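Overview (structure and organization)
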Amino acid sequence: MCMAKVTAKDECTLLGITIPCYKAFSSDAIEYFGFGMEMSHLWTFFSTFILGAFYLWSTPCKKFTYAAVRGYSLTITCALYAMLTSSFALIRMFWGVSKPLLLAAALHNLFEWMIVIHIWDFPTATATAPDRRFSWASMSSRSDPNAEVFRRFAWATRFICSIVAVCMTMPNLFLALGLEQLFGIMLDFALPMMFFSQVAAGGEKREIFWMPAAAHAVHLLATILPLVFSIFLSGHVSWFVNFHLEILINLSVPVTHFLYCCWTFNLAKEDKARAETRATQPQSIPSSNQSVAEGTRPREAIPESGLLEQQFRIKEVPSYLLKGLLLGVAVLGVAPLVFLDHCDGSGCTEQNYVAKTNMLSQSGRKAHEFPISKGLVKQMRKLYPGLEDITVGHARRGVACTGFFLVEKWEEMEDINEDLFNSLVNATHHPELEWTRTSYTPSSVDTFTCPSKRIGHISHNMKFSCNAVWKVLESPDFCAWVPHCQFMEETESESRSKLFLADGHILDAAVKRNKKEGKIEVSTLSQSRLNGYHGAILLEKVDRSTCTVNYHYRRSLRYGAKGSSENSFLQKFVPEIYSRLQK
């Protein structure tokens, strides 16, 4: 696997709005798994949104007054936190990694800051505490015991808005994504450290903090880290792996918010019970104009503050935030550089050449090999400038000229020399043999190879119409361009087929045919053979009698030879498709 170079070259459309984006997972995964991929995102959206709405509705207060919002602020925060996070599923599904997702991530982090503020052991403001700064606290009463909460929430809001403003104005989507995720993942590491430190303390703190500790551990390990690394790995491991990353992300989100909502709901019930106990006591001394009954009439019991009790709050919050920031830098910066190879730059090579495929058959009493030694190749290179390599092997059964294939690799189209074959025959001559050669149009080959993947494009012109070529391509058994594939067999699903390889193994694959575009795609799922392979044939009409076949492929190099994809095209696809077209 390798680290992707993330750009904003893709475009995503939702409700008629098209924006630059980075597609975090291949659309081929949706084609193979059908509605399953979409269902995982829809499941996350509806389950998490309904969960948050249910707990918001179940907040133990009769009316959403200012006092109720203040008293049950932690419960309301976690409910809204769940409802907002549900929007991630839809944004990632339709708009991918984009500026709207960064905005949603910033709001997501704002609710995490609110959770931090609720468990932070900071000195609360007194009734006479002066506060001339512009903040939300100025909108509340000076006697409000939560004035410090308002001030810190106002600071967190200004901080998040500053990050959003910078990210929205950055032209590079990847840099904007990294900046926002840096401060977001700071909280994602800091919160579990805070919670688990209280769990380790034992006693009542363990009973109070074990549930949020479990919630954010799930959030970090099963949502955030797979979410971040799925961007680095997208397109560079098989999309079978990407699919399971997506499933893990979408299943863990409701679990996280269910635990958070249960935690705050239990705290809210305990706070309400304490408030009801206080409410049964006389609230004030009645004036001369009030009766005792009026002074002690029952009222709704609402906690004075949504904060945790003083003895359960955490004092070392700044140190945990600093540790979270350092771990976030390590995860987003150091880990990808150390453990993932770069997909371009150092260690990657680009190769461009022209390949000419020939099919050879021989006549005579005995069949002989067509030996091409390394020494002979060196000799031919000296005789024919521009010649890079010569490959000879047994032809695939079923083609027109049974015998051998001979693939010539040249630096440029102008370097191709027809006398090369005669020179090879003279060097390997058997008097009793006569060689028959069938030559095909040269192919242009462009490859880009990194330590962990290979991407290539082959272009081949054919003197046949695109309609005739498509009739061969849409044959359910034809898979000559897929490495090691002998034939293909359709299954009950229109988008799935089985590939029968030369070594006897059978692989599941997603096959997508589009006659209107003249395009056929094959993607494999196996983690041991053809790992991460995705190949596409696209027909381009030149004129009525000429068609250009464009072969694009991507493959992980963890398994298999480096040149197997282009070799399959040059040695099997070219002769076999001509054989079928000439029948």
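Residues numbered from 1 in each chain as written. Predicted model: local features only at pLDDT ≥ 70, side-chain atom pairs only at ≥ 80, totals over all residues. Heavy atoms only, no water.

Before going further, it helps to spend a moment on the overall build of the chain. In terms of helices and strands, the chain carries 15 helices and 16 strands. Here the chain holds 583 residues, and the buried ones make up 52% of them. Look at the contacts in the chain between residues 6 or more apart in sequence, and 69% of them connect residues 24 or more apart. Carbon and sulfur atoms provide 59% of the accessible area of the chain, an area that totals close to 28200 Å². (Helix = DSSP H or I, 4+ residues; strand = E, 2+ residues; numbered from the N terminus. Buried < 20%, exposed > 50% of the residue type's maximum accessible area, 1.4 Å probe, protein only. Contact = heavy atoms within 4.5 Å. Areas by Shrake-Rupley, 256 points an atom, 1.4 Å probe, with all protein chains shown as cover.)

For the rest of this paragraph, the subject is the packing of aromatic side chains. Using the criterion set out here, one finds 21 aromatic pairs in the structure. Where Phe 478 meets Phe 573, the ring centres are 5.8 Å apart and the plane angle is 50°; that geometry is what we call tilted. Here Phe 478 is found in the loop between helix H14 (466–473) and strand E11 (485–490), whereas its partner Phe 573 is found in helix H15 (residues 564–581), with 95 residues between them in sequence. We note that Phe 478, like Phe 573, is buried. Ring centres of Phe 487 and Phe 500 lie 4.5 Å apart, and the angle between their planes is 10°; on these two criteria the pair is classed as stacked. Here Phe 500 lies in strand E12 (residues 496–501) and Phe 487 lies in strand E11, a separation of 13 residues in the sequence. With relative accessibility at 17%, the residue Phe 500 sits in the buried group. (Phe/Tyr/Trp six-rings, centres within 6.5 Å; stacked < 30°, edge-to-face > 60°.)

Positive phi outside glycine occurs at His 484, with the angle close to 65°. Tracing the backbone through its elements, the reader meets His 484 in the loop between H14 and E11.

With that out of the way, let us pick up the side chain of Glu 180. Here Glu 180 lies in helix H7 (residues 173–201). Although buried, Glu 180 forms no salt bridge, and the nearest oppositely charged side chain, Arg 92, lies 11 Å from it. Not counting chain neighbours up to four residues away, the residues in contact with Glu 180 comprise Leu 102, Ala 105, Ala 106, Asn 109, Ile 163 and Cys 167. (Lys, Arg positive; Asp, Glu negative; His and termini not counted. Salt bridge = Lys/Arg side-chain N within 4 Å of Asp/Glu carboxyl O.)

Direction vectors running N to C along helix H4 (residues 73–94) and helix H5 (residues 99–119) enclose 160°, while the axes themselves pass 9 Å from each other. The orientation of H4 relative to H5 falls into the category roughly antiparallel. Two packed elements cross with a definite hand, and for H4 against H5 that hand is left-handed. Contacts between H4 and H5 pair Ser 73, Leu 74, Thr 77, Cys 78, Leu 80, Tyr 81, Leu 84, Thr 85, Ser 87, Phe 88, Ile 91 and Arg 92 from the former with Pro 100, Leu 101, Ala 104, Ala 105, Leu 107, His 108, Phe 111, Glu 112, Met 114, Ile 115 and His 118 from the latter. Of the residues belonging to the contact of H4 with H5, the class tally is 15 nonpolar, six polar and two charged. (Axes fitted to C-alpha atoms, helices over the stretch in contact; angles between N-to-C directions. Parallel < 35°, antiparallel > 145°, perpendicular 65-115°, else oblique. Left-handed = near helix turned anticlockwise from the far one by under 90°. Nonpolar A, V, L, I, M, F, W, Y, C, P; charged D, E, K, R; others polar.)

For the rest of this paragraph, the subject is the state of the cysteines. Think of a disulfide as a covalent bridge from one cysteine sulfur atom to another cysteine sulfur atom. All chains considered together, the criterion is met by two disulfides. A disulfide bridge connects Cys 466 with Cys 547, and the sulfur atoms are separated by 2.1 Å. Disulfide Cys 466-Cys 547: the torsion about the S-S bond is 100°, which places it as right-handed. A residue pair is termed long-range when its members are at least 10 positions apart, and Cys 466 in helix H14 and Cys 547 in strand E16 (residues 546–556) qualify at 81 residues. In this pair, the class of Cys 466 matches that of Cys 547, namely buried. (Disulfide = S-S within 2.5 Å.)

To continue, consider the pattern of salt bridges. Summed over all chains, the structure comprises seven salt bridges. Where Lys 356 meets Glu 418, a salt bridge forms, and the shortest distance between an N and an O atom there is 2.5 Å. Of this pair, Lys 356 sits in strand E5 (residues 349–363) while Glu 418 sits in the loop between strand E7 (404–410) and helix H13 (419–427), and the two are 62 residues apart along the sequence. The partner of Lys 519 in a salt bridge is Glu 521, and the shortest N-O contact between them spans 4.0 Å. Bridged by salt links that share partners, the residues Lys 356, Glu 418 and Arg 437 form one connected network.

Attention shifts here to the side chain of Thr 264. In this structure, Thr 264 sits in helix H9 (residues 239–279). Take Thr 264: its relative accessible area is 1%, and that puts it in the buried class. Beyond its immediate sequence surroundings of up to four residues, Thr 264 is in contact with Leu 74, Thr 75 and Cys 78.

Mean pLDDT over the chain: 76, with 71% of residues reaching 70 or higher. Note on residues 1–8: pLDDT under 50 across the span, and 38 contacts to partners over four residues away in sequence or across chains. A low-confidence stretch, residues 125–143 stays under pLDDT 50, and its non-local contacts, those more than four residues away or across chains, total 25 contacts. (pLDDT = per-residue confidence, 0-100.)

Think of two packed helices as two axes; the pair is described by the angle between the axes and how far apart they sit. Two numbers describe how H5 lies on H7: the axes approach to 10 Å, and their chain directions differ by 25°. As summarised for this structure, H5 and H7 are arranged roughly parallel, according to the angle between their axes. Viewed along their axes, H5 and H7 form a crossing whose handedness is left-handed. Contacts between H5 and H7 involve Lys 99, Leu 102, Ala 105, Ala 106, Asn 109, Glu 112, Trp 113, Ile 115, Val 116 and Ile 119 from the first element and Leu 173, Ala 176, Leu 177, Glu 180, Gly 184, Met 186, Leu 187, Asp 188, Leu 191, Met 194 and Phe 195 from the second.

This part covers H15. For H15, built from 18 residues, the straight-helix expectation of 26 Å at 1.5 Å per residue is met to within 8% by its first-to-last C-alpha distance of 24 Å. Burial analysis of H15 places 16 of its 18 residues in the buried class, the great majority of the element. (Expected span 1.5 Å × (residues − 1).)

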